[in-house]
Amino acid sequence: MLDKNAINEIKAYNTPPTDVGVVMGAVMVCLGKKTDWPSVKIALNDMNFIKKILDYDRDHIPQHIIKKIEAYTKMENFQPEKATKVSVAAGALCMWVRSIEDYAKALKIVNPKREKANAAKKRLADMQQEIAELEAAFAILTARLAELQAQLGLKQREMSGFQQDLDRLQSRIDRGEK
């Protein structure tokens, strides 16, 4: 549990136990600050320290910070269980640093997949737009075809009427010649 009392426990150390110093060094690396103990104490005196930890922008961690974090997390004594034995806050912060590292590593895998998914979604949206445009054009052409078919039917009926008139006239002519 990370609260003000736990932070005060760490601040009280003039010279921190090794495990606490290592954990706080890793935390300071994440925050982009100096890792020496006086700098740690200044950071811990910041009233917004816990808020900064909770609101940490884990989606945009620079690669050089991740590499520095890895140097800490590879240490044998950088274990939440070990740090908790010395300080509850150090244990919580150790777990936080490990979580930040794990999240950053997961993002390396997930981000390219997110980018592909976003590109596929954009392609899909573009294709759906094109389909909508083609369907609109098809509807216009279908309406025009129906109009032309109606005109054709009308002209065919007219032509049929003319053909009947022609046939009657032809039969009169033929009767008149006989």
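Notes on the structure follow.

Reading guide: rules and limits
- Residues numbered from 1 in each chain as written.
- Predicted model: local features only at pLDDT ≥ 70, side-chain atom pairs only at ≥ 80, totals over all residues.
- Heavy atoms only, no water.
- Phe/Tyr/Trp six-rings, centres within 6.5 Å; stacked < 30°, edge-to-face > 60°.
- Helix = DSSP H or I, 4+ residues; strand = E, 2+ residues; numbered from the N terminus.
- Buried < 20%, exposed > 50% of the residue type's maximum accessible area, 1.4 Å probe, protein only.
- Lys NZ or Arg CZ within 6 Å of the ring centre and 35° of its normal.
- Axes fitted to C-alpha atoms, helices over the stretch in contact; angles between N-to-C directions.
- Parallel < 35°, antiparallel > 145°, perpendicular 65-115°, else oblique.
- Contact = heavy atoms within 4.5 Å.
- Nonpolar A, V, L, I, M, F, W, Y, C, P; charged D, E, K, R; others polar.
- Arc of directions from axis to C-beta.
- Polar contact = N/O pair within 3.5 Å; in protein donor to acceptor, adjacent residues only side chain to side chain.

### Considering the packing of aromatic side chains
Then, number 1: One pass over the full model with this rule turns up one aromatic pair.
Then, number 2: Taken together, a centroid distance of 5.2 Å and an interplanar angle of 80° make the contact between Y56 and W96 edge-to-face. Taken as a pair, Y56 in the loop between α4 (49-54) and α5 (63-73) and W96 in helix α7 (residues 88-177) lie far apart in primary sequence, 40 residues in all.
Then, number 3: Among the residues examined, Y56 registers a relative accessible area of 14% and is labelled buried.
Then, number 4: Just above the ring of Y103 sits the side chain of R58; from NZ or CZ to the centre is 5.1 Å.

### Notes on the packing of helix α2 (residues 18-31) against α5
Then, number 1: It is the contact of α2 with α5, at a shortest axis distance of 9 Å, that shows an interaxial angle of 175°. Looking at the two axes, α2 sits roughly antiparallel to α5. In this structure, α2 contributes V22, G25, A26, V29 and C30 to the contact, and α5 contributes I65, K68, I69 and Y72.
Then, number 2: Residues that form the contact of α2 with α5 fall into these classes: seven nonpolar, one polar and one charged.

### Observations concerning the environment of A137
Then, number 1: Relative to the helices and strands, A137 is located in helix α7.
Then, number 2: By relative accessible area, which is 34% here, A137 ends up partly exposed.

### Some words on helix α1 (residues 4-11)
Then, number 1: If you check which residues of α1 are buried, you get A6, I7 and I10. Burial along α1 is one-sided: seen end-on, the buried residues are contained in an arc of 100°. Exposed positions of α1 whose direction lies more than 90 degrees from the buried face are K4 and N5.
Then, number 2: Near the N-terminus of α1, the side chain that reaches the backbone nitrogen of N5, with its oxygen 3.3 Å away, is that of D3.

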